[in-house]
Amino acid sequence: KIRDCIETKRMFLKSDLQLVDIAQASGENRSYVSAVITKEYGSFYSYVNRLRIAYADELLKEHPRMKQVELVERCGFGSRTSFLKWQKIYSGKPADGESGHK
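The rules behind these values
By convention here, each chain's residues receive numbers from 1 onward along its written sequence. This being a predicted model, a pLDDT of at least 70 is required before a residue's local features are given, and a value of 80 or more before pairs of side-chain atoms are given or counted; all residues contribute to the totals for chains, interfaces and linings. The basis for every side-chain value is the complete set of heavy atoms in the structure, and neither hydrogens nor water enter the calculation. Runs of E in the DSSP output that reach at least two residues are strands. Runs of H or I that reach at least four are helices, and both are numbered from the N terminus. A radius of gyration in this sense is built from C-alpha atoms; the matching globule rule multiplies 2.2 Å by the number of residues raised to 0.38. Each residue is assigned to one of three classes by its accessible area relative to the maximum for its type, calculated with a 1.4 Å probe on protein chains only: buried under 20%, partly exposed between the two thresholds, exposed over 50%. One fewer than the residue count of a helix, multiplied by 1.5 Å, yields its expected span. What qualifies as a polar contact is a pair of N or O atoms within 3.5 Å, subject to a donor-acceptor requirement within protein and to the restriction that residues adjacent in sequence count only when both atoms come from side chains. Between N-to-C directions, angles span 0 to 180 degrees; the directions come from axes that are lines fitted to C-alpha atoms, helices contributing only their stretch in contact. Any angle between 65 and 115 degrees counts as roughly perpendicular, while under 35 counts as roughly parallel, over 145 as roughly antiparallel, and the rest as oblique. In this description, contact between two residues means that some pair of their heavy atoms is separated by no more than 4.5 Å. For this classification, the nonpolar set comprises Ala, Val, Leu, Ile, Met, Phe, Trp, Tyr, Cys and Pro, the charged set comprises Asp, Glu, Lys and Arg, and every other residue, Gly included, is treated as polar. Scored from 0 to 100, pLDDT reflects the predictor's confidence in each residue.

Turning to the overall build of the chain, a few remarks are in order. Per the secondary structure count, the chain includes six helices and zero strands. In the chain, the order of α-helices and β-strands from amino to carboxyl end is α-α-α-α-α-α. For the chain, whose C-alpha radius of gyration is 14 Å, the value lies close to the compact-globule estimate of 13 Å for 102 residues. Projecting the C-alpha coordinates of the chain onto the three principal axes gives extents of approximately 45 × 20 × 20 Å. Taken across its 102 residues, the chain has 37% of its residues classed as buried.

Encoded structure:
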């Protein structure tokens, strides 16, 4: 149920997503949601940001000329800095999507 809310309903794209949002959407309490996510995925932020980076990769395949600023926004990141940090963690390389255009 928790994973369905985050992944299938794409709640991970909400830039201000919090555990309480997942709890409300899944009908579970915040502590339970936190425990499940921590056990299964390590941490809430790493789980959500891994999904965001995977989504960014999909978007770039579909729209290779997408500007990085649009990509960051559409993937739910609050800032370009955050996007670049998590992108390096999960893909080991910076985005090519904007081809140097900002």
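Once the structure has been displayed, the description carries forward.
Compared with an ideal rise of 1.5 Å per residue, which puts twelve residues at 16 Å, helix H3 (residues 30-41) spans 16 Å between its outermost C-alpha atoms and is within 8% of the ideal. At the N-terminal boundary of H3, the capping side chain belongs to Asn29, with an oxygen 3.1 Å from the backbone nitrogen of Ser31. Just downstream of H3 lies Gly42, where phi reads positive at about 100°.

Quick look at the packing of helix H4 (residues 44-62) against helix H6 (residues 80-91) now. At a minimum axis distance of 9 Å, the contact between H4 and H6 shows a crossing angle of 85°. It follows that H4 is roughly perpendicular to H6 by the angle criterion. Here Tyr45, Ser46, Asn49, Arg50, Ile53 and Ala56 of H4 lie close against H6, whose contacting residues are Phe83, Trp86, Gln87, Tyr90 and Ser91. Grouping the constituent residues of the contact of H4 with H6 by class yields six nonpolar, four polar and one charged.

With that settled, consider the confidence of the model for the chain. Averaged over the chain, the pLDDT score is 90; the fraction of residues at 70 or greater is 90%. Residue range residues 96-102 is modelled with pLDDT below 50. Its contacts to residues more than four positions away, or to other chains, number nine contacts.

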